[in-house]
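Residue-level structural notes
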Amino acid sequence: MNKKISMIRSGHLAHVDYAYASRVPSDMDLLFLAGACPLNKEGEVPYINDYELQAKLCVDNMKEVLKESGASLKDVVYTRVLVASHNQSDLVTAWNAIREEFGDHDVPSTLSGVTVLGYTDQLVEIEAVAAVESRTNR
């Protein structure tokens with residue numbers, strides 16, 4: 001994790017597997033990522049009806065964009081996970097796959113069930129904000 005980014009946990013709220021907030025110093029640049037979708041290089045959505053594999057592909061695609069932006073998962077300060085399902089178990093399946101990819105970087109996140117996402121057969125999408133060293137400080 002970027003040593004300048006602080007993850008904030010609470011001793012007064014429920015113990016959860018993510019930080020409640022993150023603090024980004026003012027001298028860092030913020031990256032606002034478009035929603036990472038489960039698209040392969042051909043622009044198709046594979047893994048029809050598989051929340052776990054689509055979630056992992058979303059993370060892989062997010063990692064690529066972060067890399068091209070000079071960042072990594074450890075620089076992510078917030079995510080919003082959207083899952084096209086009304087079943088809580090599907091949301092948990094996607095969440096667990098994503099949390100596994102993030103490892104001990106317990107970024108603050110919001111998990112929401114939605115009725116539909118943008119691509120045919122798409123089940124998962126991940127929005128993210130990351131923070132990197134300011135270009136003026138490099």
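Residues numbered from 1 in each chain as written. Predicted model: local features only at pLDDT ≥ 70, side-chain atom pairs only at ≥ 80, totals over all residues. Heavy atoms only, no water.

Regarding the overall build of the protein chain
A count of helical and extended segments in the protein chain gives 2 helices and 6 strands. If you list the helices and strands of the protein chain from N to C, you get β-β-β-α-β-α-β-β. For 138 residues, the compact-globule estimate of 2.2 N^0.38 gives 14 Å, and the protein chain sits close to it at 15 Å. Considering only C-alpha atoms, the protein chain reaches an extent of 45 × 40 × 20 Å along its principal axes. The burial tally for the protein chain puts 41% of its 138 residues in the buried class. Counting contacts in the protein chain only where the partners sit at least 6 residues apart, residues at least 24 apart contribute 73% of the total. Of the roughly 7900 Å² that the protein chain leaves accessible, carbon and sulfur atoms contribute 49%. Here the protein chain contributes 13 positive and 20 negative side-chain charges, whose respective centroids are spaced 9 Å apart. (Helix = DSSP H or I, 4+ residues; strand = E, 2+ residues; numbered from the N terminus. Rg over C-alpha atoms; globule rule 2.2 N^0.38 Å. Buried < 20%, exposed > 50% of the residue type's maximum accessible area, 1.4 Å probe, protein only. Contact = heavy atoms within 4.5 Å. Areas by Shrake-Rupley, 256 points an atom, 1.4 Å probe, with all protein chains shown as cover. Lys, Arg positive; Asp, Glu negative; His and termini not counted. Charge placed at Lys NZ, Arg CZ, Asp CG, Glu CD.)

Focus on the pattern of salt bridges
In the structure shown here, the tally under the stated rule is 8 salt bridges. Note that Lys4 is salt-bridged to Asp27, the shortest N-O span being 3.6 Å. Of this pair, Lys4 sits in the segment before strand E1 (6-8) while Asp27 sits in the loop between strand E2 (21-23) and strand E3 (28-36), and the two are 23 residues apart along the sequence. Take Asp27: its relative accessible area is 32%, and that puts it in the partly exposed class. As a salt-bridge pair, Lys63 and Glu101 come within 3.2 Å of each other at their nearest N and O atoms. Of the two residues, Lys63 is situated in helix H1 (residues 51-68) and Glu101 in helix H2 (residues 88-102); the sequence distance between them amounts to 38 residues. (Salt bridge = Lys/Arg side-chain N within 4 Å of Asp/Glu carboxyl O.)

Points about the packing of aromatic side chains
This model, assessed by the stated rule, comprises 2 aromatic pairs. Each ring, one from Tyr18 and one from Trp95, has its centre 5.9 Å from the other, and the planes form 85°; the classification is edge-to-face. In this pair, Tyr18 sits in the loop between E1 and E2 while Trp95 sits in helix H2, placing the two residues 77 residues apart along the sequence. Of the residues examined, Tyr18 reaches a relative accessible area of 25% and is grouped as partly exposed. Counting every residue linked through ring pairs, the aromatic cluster contains Tyr18, Tyr20 and Trp95. (Phe/Tyr/Trp six-rings, centres within 6.5 Å; stacked < 30°, edge-to-face > 60°.)

Details of the nonpolar core
Counting 27 residues, the largest nonpolar core has Met62, Leu66, Ile98, Val124 and Ile126 as its most contacted members. Where this core is concerned, the elements lending two or more residues are E3, H1, strand E4 (76-84), H2 and strand E6 (124-133). Once residues within four sequence positions are removed from consideration, Met62 is found in contact with Leu33, Ala36, Leu73, Phe102, Ile126 and Ala128. In terms of nonpolar packing, the next biggest core, distinct from the first, is built from 7 residues, Met7, Met28, Val129 and Ala131 among them. (Core = buried A, V, L, I, M, F, W, Y, C linked by side-chain atoms within 4.5 Å.)

Some remarks on H2
Taking 1.5 Å per residue, 15 residues should reach 21 Å; H2 reaches 21 Å between its end C-alpha atoms and fits that length. For H2, the full list of buried residues reads Asp90, Leu91, Ala94, Trp95, Ala97, Ile98, Arg99 and Phe102. A positive phi of about 60° marks Gly103, the residue just after H2. (Expected span 1.5 Å × (residues − 1).)

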